[in-house]
Amino acid sequence: MQSKAIGQAGIELSNVTKRFVTPTGVAMTALRNVNLSVEPGQFCAIVGPTGCGKSTTLTMAAGLDLPSAGTVKVGGRLVDGLTKGAGFVFQADALLPWKSVLTNVALGPIFRGVDKKLAMEEAREWLTTVGLAGFENHYPHQLSGGMRKRVSLAAALINKPSMLLMDEPFSALDVQTRAIMSNELLTLWEKNRPSVMFVTHDLEEAIALADRVVVISAGPGTVKAIFDIDLPRPRGEVQEIRFKPRFLELYQQIWEALREEVERAYSRTATAMKGAA
Ligand SMILES: Nc1ncnc2c1ncn2[C@@H]1O[C@H](COP(=O)(O)OP(=O)(O)O)[C@@H](O)[C@H]1O
Ligand SMILES: [Mg+2]
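Each residue is numbered by its place in its chain's sequence as written, counting from 1. Labels follow written order: the first chain is A, the first ligand is 1, and so on. Only residues with pLDDT of 70 or above have their local features reported here, since the model is predicted, and side-chain atom pairs are shown and tallied only from 80 upward, although totals for entire chains, interfaces and linings are computed over all residues. The side-chain figures draw on all heavy atoms in the structure; neither hydrogens nor water molecules are used.

Our next topic: the pattern of salt bridges. In what follows, salt bridge is the name for a side-chain nitrogen of Lys or Arg lying within 4 Å of a carboxyl oxygen of Asp or Glu. Scanning all chains against the criterion turns up 15 salt bridges. Close ionic contact of arginine 233 with aspartate 211 constitutes a salt bridge, the shortest N to O distance being 2.9 Å. A residue pair is termed long-range when its members are at least 10 positions apart, and arginine 233 in the loop between strand S10 (223-228) and helix H7 (238-241) and aspartate 211 in the loop between helix H6 (203-209) and strand S9 (212-216) qualify at 22 residues. One salt-bridge network, held together by shared partners, links Lys224, Glu260, Glu261 and Arg264. Helix and strand definitions here come from DSSP, where helices need a minimum of 4 consecutive H or I residues and strands a minimum of 2 consecutive E residues; each element is numbered from the N-terminal end.

Below, the structure is given as structure tokens:
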């Protein structure tokens, strides 16, 4: 079983409930009875209104937090600590500002005990793969947002993750850069096909990238609907696939399910704000 770490690991949440205690001491349920599986090698996008528990779902798949009830399995094994073989890319870049781009990418292998020179060589190759050859000695603040995102991708992929957890990774980027990064992500994903959980609030992005789109309801989050995206792969340019009739059909269907939840979440916030005023 353990030798399956490289390749792809399926992710399975069964009847997962997650409760938190808020800073004011009130217990709240963030997720309720979530059943969700990502097949090995599948690209799964998760959409839902703000606060519905998307990040919490990823956190539990990563093993950074445990469910209050139910189980989370990765590669058939119960998650009870940090999940091995997981790679992360978040909205904020998790790069060390005082280290060069090259060192930032090499950190994963160095922490795993790979010889430093080898790790640096490998990092250099990854930087070339993500289009950043020549920027090895730059520091993160000397790069654009899109370039930093490429560094984050290289830093995640150099560890050959069997599962890639992405939490709104491109949402801070401008529209054009986001499209470019989406295309690059798909190209890179096709190479090793790790299982992916990709959280986004952008439904177009979800459909363009994923094999399956999961809609989570307004909190307490639960799986409202699952849509299989039968657009052929390779998908080609995400900017163009948006105009295909099948894409538009899927968009309409999924938006129908999502809209209700977004409206529900919004009206709750609006009511709460009125109450506070
Ligand atoms: N560590 C925590 N402590 C208390 N409440 C939390 C914690 N993490 C998340 N929550 C709450 O759980 C709910 C879901 O949060 P989150 O998963 O971040 O939502 P999303 O990513 O969908 O916007 C929110 O109401 C949030 O305030
Ligand atoms: Mg979130």
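The next subject is the packing of aromatic side chains. Side-chain rings of Phe, Tyr and Trp (the six-membered ring for Trp) are treated as a pair once their centres are within 6.5 Å; stacked means planes under 30 degrees apart, edge-to-face means over 60, and tilted covers the remaining angles. Under the counting rule described, the total for this entry stands at four aromatic pairs. An aromatic cluster is defined as three or more aromatic residues linked by ring pairs; in this entry it consists of Phe43, Phe170, Trp189 and Phe198.

What follows covers helix H1 (residues 54-62). Buried, partly exposed and exposed residues are distinguished by accessible area as a fraction of the type maximum, computed with a 1.4 Å probe on protein chains only: under 20%, between the cut-offs, and over 50%, respectively. Counting buried positions along H1 yields seven of nine residues, so the element is predominantly enclosed. Buried within H1 are the following residues: Lys54, Thr56, Thr57, Leu58, Met60, Ala61 and Ala62. Of the residues trailing H1, glycine 63 is marked for its positive phi of about 80°.

All residues adjacent to ligand 1 are Phe20, Val21, Met28, Ala30, Pro49, Thr50, Gly51, Cys52, Gly53, Lys54, Ser55 and Thr56. Contacts described as polar in this section are N or O atom pairs within 3.5 Å, which, within protein, must combine one atom able to donate a hydrogen with one able to accept it, while residues neighboring in sequence count only if both atoms come from side chains. Within the backbone of lysine 54, one N or O atom sits 2.8 Å away from an oxygen atom of ligand 1. Note that an oxygen atom of ligand 1 is positioned 2.8 Å from one of the side-chain N or O atoms of serine 55. For ligand 1, the protein covers 62% of the area, taking 560 Å² as the surface of the free molecule. Where the shell around ligand 1 is concerned, the elements lending two or more residues are strand S1 (11-21), strand S2 (27-38) and H1. Being near a molecule or strand, for a residue, means having at least one of its heavy atoms within 4 Å of it. Computed by Shrake-Rupley with a 1.4 Å probe, the accessible areas treat only the displayed protein chains as cover when residues are assessed.

As a further point, take the side chain of arginine 178. With respect to the helices and strands, arginine 178 occurs in helix H5 (residues 175-192). Any pair of residues with heavy atoms lying within 4.5 Å of one another is described as a contacting pair. In this structure arginine 178 touches Phe170, Ser171, Leu173, Asp202 and Glu205, once residues within four positions along its chain are discounted.

One can read the domain layout of the protein as domain 1 (11-85 + 162-276) and domain 2 (95-160). On a C-alpha basis, the centres of domain 1 and domain 2 stand 26 Å from each other. Listed by partner, the interface residues are 13 residues for domain 1 and eleven residues for domain 2. Overall, the association of domain 1 and domain 2 removes approximately 930 Å² of surface from exposure, summing both partners, and the carbon and sulfur fraction of that is 75%. Throughout, buried area stands for the accessible area (probe radius 1.4 Å) lost by two parts on being put together, summed over both. On the domain 1 side of the contact with domain 2, Leu164, Met181 and Leu188 bury the most area, a combined 44% of that side's loss. Ionic pairing is found between arginine 150 and glutamate 184, a salt bridge with its closest N-O pair at 2.9 Å. For the pair domain 1 and domain 2, the number of links is two residue pairs in polar contact (both at pLDDT 80 or more). Of all the elements in the fold, those that place two or more residues in the side of domain 1 that touches domain 2 are strand S7 (163-167) and H5. If one sorts the elements of the side of domain 1 that touches domain 2 by residue count, H5 sits on top with seven residues. Lys, Arg, Asp and Glu make up the charged group, whereas Ala, Val, Leu, Ile, Met, Phe, Trp, Tyr, Cys and Pro make up the nonpolar group; the residues left over, Gly among them, are polar. The residue inventory of the side of domain 1 that touches domain 2, partitioned by class, reads nine nonpolar, two polar and two charged. All domain edges in this entry derive from an automatic or database-based domain assignment.

Once that is clear, we can look at the pairing of strand S8 (residues 195-199). Burial within S8 is extensive, with five of its five residues counted as buried. Across the two faces of S8 the burial is the same, with Ser195, Met197 and Val199 and Val196 and Phe198 all buried. Any two strands with at least two DSSP bridges between them are considered paired. For S7 and S8, the ladder comprises five bridges, and the chain directions are parallel. Paired with leucine 165 across the bridge in S8 is methionine 197. Note on handedness: a clockwise path from strand one over the helix to strand two, with the strands aimed away from the viewer, defines a right-handed crossover. At this point the chain moves from S7, through H5, to the parallel S8, and the crossover so formed is right-handed.

Here we come to unusual backbone geometry. Glycine aside, residues mostly have negative phi, and peptide bonds are mostly found in the trans state. Geometrically, the link from glycine 219 to proline 220 is a cis peptide bond, its omega value of -5° lying close to zero. Mapped onto the elements, proline 220 comes out in the loop between S9 and S10. Here the residue pair arginine 233 and proline 234 is connected by a cis peptide bond, since its omega of -5° sits within 30 degrees of zero. Tracing the sequence through the fold places proline 234 in the loop between S10 and H7. Residue glutamate 168 is not a glycine yet carries a positive backbone phi of 45°. One can find glutamate 168 in the loop between S7 and H5. Of note in the backbone geometry, arginine 193 takes a positive phi value of approximately 50° without being a glycine. Tracing the sequence through the fold places arginine 193 in the loop between H5 and S8. In this structure arginine 193 comes out as partly exposed when scored by relative accessible area, which is 27%.

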